[in-house]
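Here are the chains, one letter per residue:
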Amino acid sequence: MEMTLRWYGSAFDTVTLGQIRQIPGVTGVITTLYGAKAGEVWEREKIRRLAGEVEASGLHIAGIESVNVHEAIKAGLPERETYIANYIETLENLGKEGIHLVCYNFMPVFDWTRTELARKRTDGSTVLAYTQEAVDALEPEKMFASISGDANGSIMPGWEPERMAQVRELFELYREVDDEKLFDNLKYFLEKIMPVCDRYDINMAIHPDDPAWSVFGLPRIIINKKNILRMMKMVDNPHNGVTFCSGSYGTNRENDLPDMIRALKGRIHFAHVRNLKFRSPTDFEEAAHLSEDGDFDMYEIMKALYETGFNGPVRPDHGRMIWGETAMPGYGLYDRALGAAYLNGLWEAIRKSEDGKRQ
Ligand SMILES: [Mn+2]
C-alpha cells in the first residue's frame, strides 16, 4: 500500500506539493492534467512537465485521476471510434512516461452528485452531503447552480460550468441507453483499450458511481458487488480493475464493503478510503475518517485490503473543512492529512498484528 493525496495541479489547488510532502507517510500524488477536456489526447510533453514538477518536490505521480471518458463512448455514438483512438493515444503517452494507473468513471452526464457542499456539523466543520429528497425536487440543469455558491470559488471536477450548460442535450444522448446498453458500451471501450494497457502495464481502475444508484433516471451500473463482478468477468484481464471507493459504494447500505473488497481480490488497483454518516438510507453526509465519526468500520475496510494483498495507492478521500481552511469542498489539506495519518496508523497496526500471528 502506498499512501497518496489527490492534487489538482499548482494552477488549481490551494494545497501545495510542499505541504503534501510533509504529511507523514505520503509519498505520492494522484493528479490529472486539470483543464484537459474529455476526449482530448494528452501530449507527452505536458505529462512530462507535470511529472517533473511533482518529482521536484520529492513526491511522484502514483496514478492519474481521472482520464475522463467522452460521452460519445459512454452513449455508444458512432463518433466513439475517434474518442477511443484518442484515449488509447493518451494511455500510450502515459505509459511511456512511466504512469501505470488510471482511474476513470463511466457515469452518464454527471460525475459524483451531492446536494450540499458545506453542511454544518455539530463540531462546526462543514462537509459535503446528499439527500434524495433534494435531488428529487431539482431539475438536473439547476443542480450546479444550486450548489455552486458553496464551492469556495473553485471549479468542481465533473461540474465544469460549460458542461453543465449542456445538461439537457447530454440527457438526450442517453434516452435509449439503459443499464444493459451501458454495460455493452463499457465492454466495447475496455476491449479496445486492453491491448495498450497490456503493452504498457497500465491498470485501469473504474470509479464507482456516486451515489451508487440511478439519479435523474440515468442508467448507472458500477454500484454493487454483482455488477462489478460482472464487469470484471466480461473483460477478464487483470488490467481491467477497480478503484475501491468506500464512500461511493458505501452510499448504498446494502453494500458490505469488506466483503466486496474480498470478492475483488487482485482487481483493486486503487483505493479511496473515507467515511459517511447516515441520517437515513438516502440522507448522508461525509464524516471524518475515524470509524466513530461515521457509520463505516474503517479498521475492517483496511484489514480486508491488507488481507487481500492490496499493494496499490490509497488516498484519504474527501475531508471535512476544518480549522478555518478555504479550499475546494472535500479537498482541503487539514482533514485529509488527518485522514492519511489515521489510515496509516490502522495499516501499521494491522500489518504488525498479522505479521505477529504468522510467526
Ligand atoms: Mn472516490
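All values reported here derive from a predicted model rather than from experimental measurement.

Trainee: So, the nonpolar core: which residues are in play, and what are the values?
Mentor: Residues Ile 20, Val 29, Val 102, Ile 261 and Ile 301 are the most contacted members of the largest nonpolar core, which totals 87 residues. When sequence neighbours within four positions are dropped, the list of residues in contact with Ile 301 reads Ser 246, Leu 257, Pro 258, Ile 261, Val 273 and Phe 296.

Trainee: Any details on the environment of Ala 56? Residues and values, ideally.
Mentor: Within the element layout of this structure, Ala 56 appears in helix H2 (residues 44-56). According to the C-beta neighbour criterion, Ala 56 is exposed, with 9 such atoms within 10 Å.

Trainee: Go over the environment of Arg 262, please, and point to the residues and values.
Mentor: For Arg 262, the position within the fold is in helix H12 (residues 257-263). Separated by 39 residues in the primary sequence, Arg 262 and Ile 301 have C-alpha atoms spaced 9.9 Å apart. When sequence neighbours within four positions are dropped, the list of residues in contact with Arg 262 reads Ala 304 and Thr 308.

Trainee: Any details on the pairing of strand E5 (residues 116-120)? Residues and values, ideally.
Mentor: Pairing of E5 with strand E6 (residues 126-131) involves three bridges; the strand directions are antiparallel. Paired with Glu 116 across the bridge in E6 is Ala 129.

Trainee: Break down the environment of Glu 325 for me, with residues and values.
Mentor: With respect to the helices, strands and loops of the structure, Glu 325 is situated in the loop between strand E12 (313-316) and helix H14 (334-358). Linking Glu 325 and Tyr 249, residues 76 residues apart in sequence, is a C-alpha distance of 28 Å.

Trainee: Break down the sheet that holds strand E4 (residues 101-105) for me, citing the residues and quoting the values.
Mentor: Pairing is parallel in the closed barrel, where eight strands are placed in the order E1-E2-E3-E4-E7-E8-E9-E12. On average, each strand axis in the sheet is tilted by 30 degrees relative to the strand beside it, whichever way the strands run. As paired strands, strand E7 (residues 203-207) and strand E8 (residues 240-245) are joined by three bridges and run parallel to one another. Within E8, the residue paired with Ala 205 across the bridge is Gly 241.

Trainee: Please set out the sheet that holds E6 residue by residue, giving values where relevant.
Mentor: With antiparallel pairing, four strands are arranged side by side in an open sheet as E5-E6-E11-E10. Here the strands that pair on one side only, and so sit at the sheet edges, are E5 and strand E10 (276-280). With strand direction ignored, the average angle separating the axes of adjacent strands in the sheet is 35 degrees. Note: E10 against strand E11 (residues 283-286), four bridges, orientation antiparallel. Along E11, the bridge assignment pairs Phe 278 with Phe 284.

About the criteria used
Residues numbered from 1 in each chain as written. Predicted model: local features only at pLDDT ≥ 70, side-chain atom pairs only at ≥ 80, totals over all residues. Core = buried A, V, L, I, M, F, W, Y, C linked by C-beta atoms within 7 Å. Buried ≥ 20, exposed ≤ 12 C-beta atoms within 10 Å, placed from the backbone. Contact = placed C-beta atoms within 7 Å. Helix = DSSP H or I, 4+ residues; strand = E, 2+ residues; numbered from the N terminus. Pairing = 2+ DSSP bridges. Axes fitted to C-alpha atoms, helices over the stretch in contact; angles between N-to-C directions.

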